[in-house]
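The residues making up each chain are set out below.
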Amino acid sequence: AAEAAARSGAGLVVLAAAESIQPLLVHGLPDVVHEPLPSTDGTLDGDAARSLLAALAGADSLLVGPGISLTVESEEFVRTLLAGLDQTGLDEGGELRAVVLDADALNALAASPGWHERLSLPPVLTPHAGEMARLIGTTTEEVQRDRLHHATEYAAATGSVVVLKGACTVVAAPDGRARISGAANAMLATAGTGDVLAGLIAGLVAQGLEPFDAASAGVYLHAESGRLVAEGYGAAAGLAQDLLRLMPETRRLLDGG
């Protein structure tokens with residue numbers, strides 16, 4: 001996710017993770033700034049959220065969720081973070097434009113009814129069908145029966161941009177607009193590819209795109225990269241890392257090249 005944000009053209013990316021695993025991440029991704037956070041047995045907690053809030057001055061975009069796991073502590077991390085976002089001074093060289101919520105951050109939201117009522121910052125949610133089902137309290141099969149309806153309804157109810165991932169990903173805005181990707185690529189169901197998409201969207205928000213447009217452009221670039229991976233390696237053999245390798249080629253499409 002962090003590398004995808006960097007490849008999107010964000011310029012400067014900060015990777016905040018539990019201090020216990022930070023040394024591993026520094027060696028794996030030296031091209032970003034690292035912000036170690038306190039944790040409970042390696043899991044981010046309320047103290048980690050407060051440390052992250054203190055480090056957000058100057059940030060334009062925030063992505064929460066990939067890699068945090070789902071525990072009592074991580075649920076507290078998400079709740080504390082969202083509760084503090086609107087009270088955090090973010091005017092030193094930038095203004096937080098949106099928060100992108102993915103992976104287990106979405107599962108934490110599902111356990112916090114009314115979460116959107118306590119957040120004025122625009123949220124972008126990137127669930128797959130199973131996560132969407134947990135958010136709205138239904139089954140995955142029901143979500144898949146009418147993906148457009150569920151995405152647009154939840155976007156309107158929560159004031160969020162909803163990116164419902166899957167074959168022909170739906171991007172829904174809170175005002176009723178929706179866009180549907182024409183891509184249906186099995187390679188994009190590979191583990192880690194959703195993190196790449198979330199990082200792309202966060203990076204595009206940081207570059208000034210409105211959340212709905214950033215989500216739409218991120219879905220497009222993600223799908224194009226997936227198409228190239230499938231053509232080069234086959235849909236079965238492609239990995240999320242392959243998307244990152246091809247990202248510079250697809251990113252040029254936004255610049256007319």
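Residues numbered from 1 in each chain as written. Predicted model: local features only at pLDDT ≥ 70, side-chain atom pairs only at ≥ 80, totals over all residues. Heavy atoms only, no water.

**Remarks on the nonpolar core**
L62, F77, L81, L85, L101, L109 and L125 are the most contacted members of the largest nonpolar core, which has 40 residues in total. Sorting elements by how many residues they give to this core places helix α4 (residues 72-85) first, with five residues. When sequence neighbours within four positions are dropped, the list of residues in contact with L81 reads A49, L52, L53, L62 and V64. One finds V229, A240, L246 and M247 within the second-largest nonpolar core, a separate group that totals 30 residues. (Core = buried A, V, L, I, M, F, W, Y, C linked by side-chain atoms within 4.5 Å. Buried < 20%, exposed > 50% of the residue type's maximum accessible area, 1.4 Å probe, protein only. Helix = DSSP H or I, 4+ residues; strand = E, 2+ residues; numbered from the N terminus. Contact = heavy atoms within 4.5 Å.)

**Thoughts on the sheet that holds strand β10 (residues 178-180)**
Spatially, six strands are ordered β5-β6-β7-β8-β9-β10 in an open sheet, and the strand pairing comes out mixed. The open sheet has two free edges, formed respectively by β5 (61-64) and β10, since each of these has just one partner strand. Direction aside, neighbouring strands of the sheet carry axes that sit 15° apart on average. Inspection of the sheet shows β5 paired to strand β6 (residues 98-101) by four bridges, in the parallel sense. For L62, the partnering residue across the bridge sits in β6 and is V99. Where helix α9 (residues 193-206) meets the sheet, its contacts fall on β5, β6, β7 (123-125) and β8 (161-164), and the angle it forms with β5 comes to roughly 165°. (Pairing = 2+ DSSP bridges. Axes fitted to C-alpha atoms, helices over the stretch in contact; angles between N-to-C directions.)

**Re the side chain of N107**
Relative to the elements of secondary structure, N107 occurs in helix α5 (residues 104-110). By relative accessible area, N107 is classed as buried at 12%. With sequence-adjacent residues up to four places away left out, N107 is seen in contact with L70, E131 and R134.

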